[in-house]
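Residues per chain are reported as follows:
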Amino acid sequence: MFGRPIKEINAEYQAEDTSLPSILTLVRETCVNAGLARKDVSAVILAIEEGASNIIRHAYLYEKGVIRIRIIIFKKRIVFSLMDNGRSFQPDGTGKLDLKKLVESSRKGGLGFYMINKIMDSVEYLSSPGLNELRMTKMISRQPEWARLFLGRMFTLRVKFSLYTFLIMLTIIAGAYIFIETRTATTVREHLNDIVGSLSKTVADQAARHIINRRSDVEFDELVISYIEANPEIIKIVLTNADNVILADSRDIRNLRKQYEPPRNVDMSQIGVPQKLAGDPDATDYLISNITERDETIGHVYMWYTSRQLDAVISAERHKAILLMIIGLALGIGGIYLLSNYFVSPIVRITQRVRRFSAGDIETELPLEGVEEFFEISKALNEMMSRLRRDRDNIVERERLAKEIEVASQIQKTLLPGKLPDIPGLQLHAFYRAAYHIGGDLYDIFEIDKEHYCLLVADVSGKGIPASLVMSMLRTVIRIVARNRRSAHEILVSVNDYIMDDIPPGIFITIFLGVYNVAKGRMNFVSAGHNPLIFCNCDKKKTQLINPKGPPLGVMYKPNSFAQKLREQEVSIKNGDVLFVYSDGITESMNRSGHKYGLDRLVEYFNVQIANNSLKPPEEISADVLADIDRHAGAADQNDDITFIVVTSAAKKKPPLGTETVGS
């Protein structure tokens, strides 16, 4: 499918933490040489580091050994294999890691393998007596060669400057030429039509006198012949009386006294309006004028005329203009190229010196020379090199941290639900926006079984990587613990017991967690120090704040103290009801004056909706709330993560017997 491998690399290291830098250096160089994108290189390094660390610390927990790495590069993928002879992570020998089992068994590497699975395109764990292999595949996304050439490596700066300037000049000149030529042709044609129209009226006036005075046929013929000879653009003139009987024909005297037959495709009702002729080899235009006397039509003038002579003159002038334009552009190209030497040559010299800097020479400074602009550029570059010399000891560490944050942010986004489940009778919409690259909020909605669904919003204290790691661990643990459980209280107590020993000191978690029963249309829920649930009761036409007591997760309590303090409540969700679960990033959103958005303003939104009897679908509620938050914050930076879930009931069903109204 992928063809033969391009290259294979094999290496062996002692299974010790001190070997990790050498392993990662090998991986980094291989990925870069293979053409992997920079962000993918950082992600792969993070995955390999996690995999190798787990092997070193767990496969060889009770003994020393070696870890072998094999990298096979194909055209479209890279396959990394970490091999060891220690303990297997999966004793049953299956090819796919059971991530839930690893986490459930309380192995420290479980969450690490979960992260590896998110980074790599495929992960396999092959285990046999005496040999284990963690095989990871990453697809290569390369930029086509033609694209790199097109983006600027084919030509020098001087050539590109000349070419782009020429194209701009050509576009301007060609546009101006087309505009002027079009306007000129239109004006000339309109002028011709005006002249012919005036001649036609003059002929009509003279013909009117001839008709009134009953002139002879010879005089009518002399009238039209005189105008034909005096005006070369007129091809033919025909005079008729009111009954369209021909009085004069400039081309054929034999048509006298015959009924006039107009050319094909001519509208006889268009008096005084020029018309185009089709099929006439001599004339191109046609004009009809009335012969009138005291507002009475006593005849007609039919005039054929052509613009070919005028077109020939315009064409000749056009050719001259094009020739002059070509000559001007040719001279312009030479001038542009010479001008580019003046402007580009100093930049080229500065570029060459900058390349020496990029090659590692950050000691030699640029000479301060040239015009003022280049003088300032050289001065600025020298100052930059001075700062680089001062900061180079910290650059590598900062870059590593930035890459880790970037990868952590990408991983965190993959932990949020890509698609919300379809829960019968409910409509859902969720939103998450981190205040920084990495946030500490979490929302999740997942199926426990066909009749029960879990819904949660959590807020980890603090921000950054520690909070995101705790959030990742919390999500995985909740999904595992919630399996086959129906009580929110029972789930959260088990989760707290599970993560208590793994949460770093000083970090705690507030969480709202509910379990929805599809058959009963009821949700039992707990709040571990979280914000109160906003419940819009359609029957009572009021908004309730429901906040059962409960301490945060991760705080050291006496045995069973957390379970005793955590209170569970239940609410019946009927048609038209709305539940809004959120983090404090909404209520604590501040504007530039330091004023918080506040819970009252959030509740007021739902009160207005209930008062107007117009509760909206969850997507519209989300859009309204976000718009109101953004209006309040204005230009101020977001100071905390914003997370919420909107739940509305759409099914029309009777509430089950024994339903009680939940107080706040």
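Above this text you will find the structure in question.
Keep in mind that this is a model prediction, so the values were computed, not measured. (Residues numbered from 1 in each chain as written. Predicted model: local features only at pLDDT ≥ 70, side-chain atom pairs only at ≥ 80, totals over all residues. Heavy atoms only, no water.)

(A) Geometry of the packing of aromatic side chains. Under the defined criterion, the tally for this structure stands at 10 aromatic pairs. Summarising the aromatic geometry, the rings of Phe431 and Phe644 are spaced 5.5 Å apart at their centres and angled 25 degrees between planes, so their arrangement reads as stacked. Separated by 213 residues along the polypeptide, Phe431 in strand β11 (residues 426–433) and Phe644 in strand β20 (residues 642–649) bring together distant segments of the chain. Here Phe431 matches Phe644 in class, with each residue buried. One aromatic cluster is present, built from ring pairs that chain together Phe431, Phe580, Tyr582, Tyr605, Phe606 and Phe644. The ring of Phe74 is capped by Arg77, whose NZ or CZ atom sits 4.0 Å from the centre of that ring. Over the ring of Trp304 we find Lys236, and its NZ or CZ is 4.5 Å from the ring centre. (Phe/Tyr/Trp six-rings, centres within 6.5 Å; stacked < 30°, edge-to-face > 60°. Helix = DSSP H or I, 4+ residues; strand = E, 2+ residues; numbered from the N terminus. Buried < 20%, exposed > 50% of the residue type's maximum accessible area, 1.4 Å probe, protein only. Lys NZ or Arg CZ within 6 Å of the ring centre and 35° of its normal.)

(B) Region of the structure containing the pattern of salt bridges. Tallied over the entire structure, the rule returns 19 salt bridges. We note a salt bridge from Arg479 to Asp444, for which the minimum N-O separation is 2.8 Å. Residue Arg479 is found in helix α10 (residues 465–481), and its partner Asp444 is found in strand β12 (residues 441–449); the two are separated by 35 residues along the sequence. Taking the relative accessible area as the measure of exposure, Arg479 reaches 29% and is therefore partly exposed. Shared partners join several salt bridges into a network, and the residues in it are Arg70, Glu124, Glu133 and Arg135. (Salt bridge = Lys/Arg side-chain N within 4 Å of Asp/Glu carboxyl O.)

(C) Quick peek at the pairing of strand β17 (residues 542–546). Relative to β17, strand β16 (residues 533–537) runs antiparallel, the two being bridged by five bridges. Bridging across to β17, Phe535 finds its partner in Gln544. The turn linking β16 back onto β17 is made up of four residues, and Lys541 within it adopts a positive phi angle of 55 degrees. (Pairing = 2+ DSSP bridges.)

(D) Layout of a nonpolar patch on the surface. Residues Leu323, Leu324, Ile327 and Leu331 make up a contiguous nonpolar surface patch of roughly 440 Å² in combined accessible area. Within the secondary structure, Leu331 sits in helix α8 (residues 308–358). Relative accessible area serves as the criterion here: at 65%, Leu331 is assigned to the exposed category. (Patch = residues over 30% accessible without salt bridge, like charges linked within 9 Å, V, L, I, M, F, W, Y side chains within 5 Å. Areas by Shrake-Rupley, 256 points an atom, 1.4 Å probe, with all protein chains shown as cover.)

(E) How the structure looks around the environment of Ser216. Locating Ser216 in the fold gives a position in the loop between α6 (157–212) and α7 (217–230). Here the alpha-carbon distance between Ser216 and Leu247, two residues 31 residues apart in the chain, equals 9.3 Å.

(F) Broad picture of empty space enclosed by the protein. One pass over the full model with this rule turns up two cavities of 30 Å³ or more. The volume enclosed by the largest cavity comes to roughly 60 Å³. Lining the largest cavity are Ile423, Leu426, Ile445, Tyr453, Cys454, Leu455, Tyr516, Met523, Ile573 and Val647. Examining the composition of the lining of the largest cavity, we find that three residues originate from one element, strand β13 (residues 452–460), more than from any other. Broken down by class, the residue content of the lining of the largest cavity amounts to 10 nonpolar, no polar and no charged. (1 Å grid on protein atoms, 1.4 Å probe; cavity = no way out; pocket = protein on both sides within 12 Å on 5 of 7 lines; lining within 4 Å. Points joined across faces, edges and corners; volume = space filled by probe spheres on them. Nonpolar A, V, L, I, M, F, W, Y, C, P; charged D, E, K, R; others polar.)

(G) Expanded view of the sheet that holds strand β18 (residues 568–572). With respect to topology, five strands assemble into an open sheet ordered β12-β13-β14-β15-β18, the strand pairing being antiparallel. Looking along the sheet, the strands with just one partner apiece sit at the ends: β12 and β18. Sheet twist, expressed as the average angle between the axes of neighbouring strands with direction ignored, equals 20 degrees. Strand direction decides the pairing type here: β13 and strand β14 (residues 509–517), joined by nine bridges, are antiparallel. The residue bridging His452 from the neighbouring strand is Asn517, located in β14. Lying on the sheet, α10 is in contact with β12, β13 and β14; it crosses β12 at an angle near 10 degrees. Lying over the sheet, helix α11 (residues 488–499) contacts β12, β14, β15 (522–528) and β18, oriented at roughly 145 degrees with respect to β14. (Axes fitted to C-alpha atoms, helices over the stretch in contact; angles between N-to-C directions. Contact = heavy atoms within 4.5 Å.)

(H) Structural detail: unusual backbone geometry. Here Asp295, not a glycine, exhibits a phi torsion of approximately 60 degrees, which is positive. Looking at where Asp295 falls in the secondary structure, it is placed in the loop between β9 (285–293) and β10 (296–305). Despite not being glycine, Asn484 has its phi angle at roughly 65 degrees, a positive value. Considering the arrangement of structural elements, one finds Asn484 in the loop between α10 and α11.

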